[in-house]
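Reading the structure
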Amino acid sequence: AQWEAYQAVNGHFATAVARVARPNDLVWVHDYHLMLLPGLLRARQPRLRIGWFLHTPFPSLEVFRTLPMRKEILSGLLAADLLGFHIYDYSRHFLHACTQLMGSELSLESRGIAWDMPLPAAGGGGGGGG
């Protein structure tokens, strides 16, 4: 029930943003409450510029991998154009989670992420998390 509520809240935000956002607008998303939102927005409006910032620590892989919907969360975040973390360690935790859980190599290149796999079409709304 909690996961469904989380998805619903992110969906409500996506609907609200979609009503006012135009192609090429910049949408800035904040915090863990809306980790699916970048993927939901990207699916609705592919030309949006999306940024996301986490105001709390991103957990280590050992903790993050215990979440049943971990892949859906990562897919939602990877749909953003820019991800922000407070310190390098938190970005490293995110990269490690993506590398280990998404089956893809990620690397930091000129202050950006290079990811060699396309995002799922749903972009972060799905069910269970393998």
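Refer to the structure presented above.
Residues numbered from 1 in each chain as written. Predicted model: local features only at pLDDT ≥ 70, side-chain atom pairs only at ≥ 80, totals over all residues. Heavy atoms only, no water.

Moving on, we get to the nonpolar core. In terms of nonpolar packing, the biggest core is built from 32 residues, with Leu41, Trp52, Phe58, Leu74, Leu77 and Phe94 touching the most fellow members. Within the residue set of this core, elements represented by two or more residues are α1 (2–20), β1 (26–30), α2 (37–44), β2 (49–53), α3 (61–64), α4 (70–78) and α5 (88–101). The contact partners of Leu74, leaving out residues within four places of it in the chain, are Phe58, Phe64, Phe94, Ala97, Cys98, Leu101 and Met102. (Core = buried A, V, L, I, M, F, W, Y, C linked by side-chain atoms within 4.5 Å. Buried < 20%, exposed > 50% of the residue type's maximum accessible area, 1.4 Å probe, protein only. Helix = DSSP H or I, 4+ residues; strand = E, 2+ residues; numbered from the N terminus. Contact = heavy atoms within 4.5 Å.)

It is the contact of α1 with α2, at a shortest axis distance of 9 Å, that shows an interaxial angle of 45°. Here α1 is positioned oblique relative to α2, judged by the angle of their axes. Between α1 and α2 the crossing geometry is right-handed. Here Asn10, Gly11, Phe13, Ala14, Thr15, Val17 and Ala18 of α1 lie close against α2, whose contacting residues are Leu37, Leu40, Leu41 and Arg44. Looking at the contact of α1 with α2 residue by residue, the class counts come to seven nonpolar, three polar and one charged. (Axes fitted to C-alpha atoms, helices over the stretch in contact; angles between N-to-C directions. Parallel < 35°, antiparallel > 145°, perpendicular 65-115°, else oblique. Left-handed = near helix turned anticlockwise from the far one by under 90°. Nonpolar A, V, L, I, M, F, W, Y, C, P; charged D, E, K, R; others polar.)

The two faces of β1 differ: Val27 and Val29 on one face are buried, but Leu26, Trp28 and His30 on the other face are not. Taken together, the five bridges between β1 and β2 define a ladder with parallel strand orientation. Bridge pairing links Trp28 to Gly51 in β2. With α2 bridging β1 and the parallel β2, this β-α-β connection has right-handed handedness. (Pairing = 2+ DSSP bridges. Right-handed = clockwise from strand over helix to strand, strands pointing away.)

Another point: the packing of α4 against α5. Running from N to C, α4 and α5 cross one another at 120°; their axes reach a closest spacing of 11 Å. Considering the angle they form, α4 stands oblique to α5. The hand of the α4/α5 crossing is left-handed. Judged by residue contacts, Arg70, Lys71, Leu74, Leu77 and Leu78 of α4 engage Phe94, Ala97, Cys98 and Leu101 from α5. A per-class count over the contact of α4 with α5 returns seven nonpolar, no polar and two charged.

Helix length check: α5 (14 residues) gives 20 Å between terminal C-alpha atoms against 20 Å at 1.5 Å per residue, within 8%. Of all the residues in α5, the buried ones are Ser91, His93, Phe94, Leu95, Ala97, Cys98, Thr99 and Leu101. (Expected span 1.5 Å × (residues − 1).)

Geometric descriptors of this kind do not, in isolation, establish any biological role.
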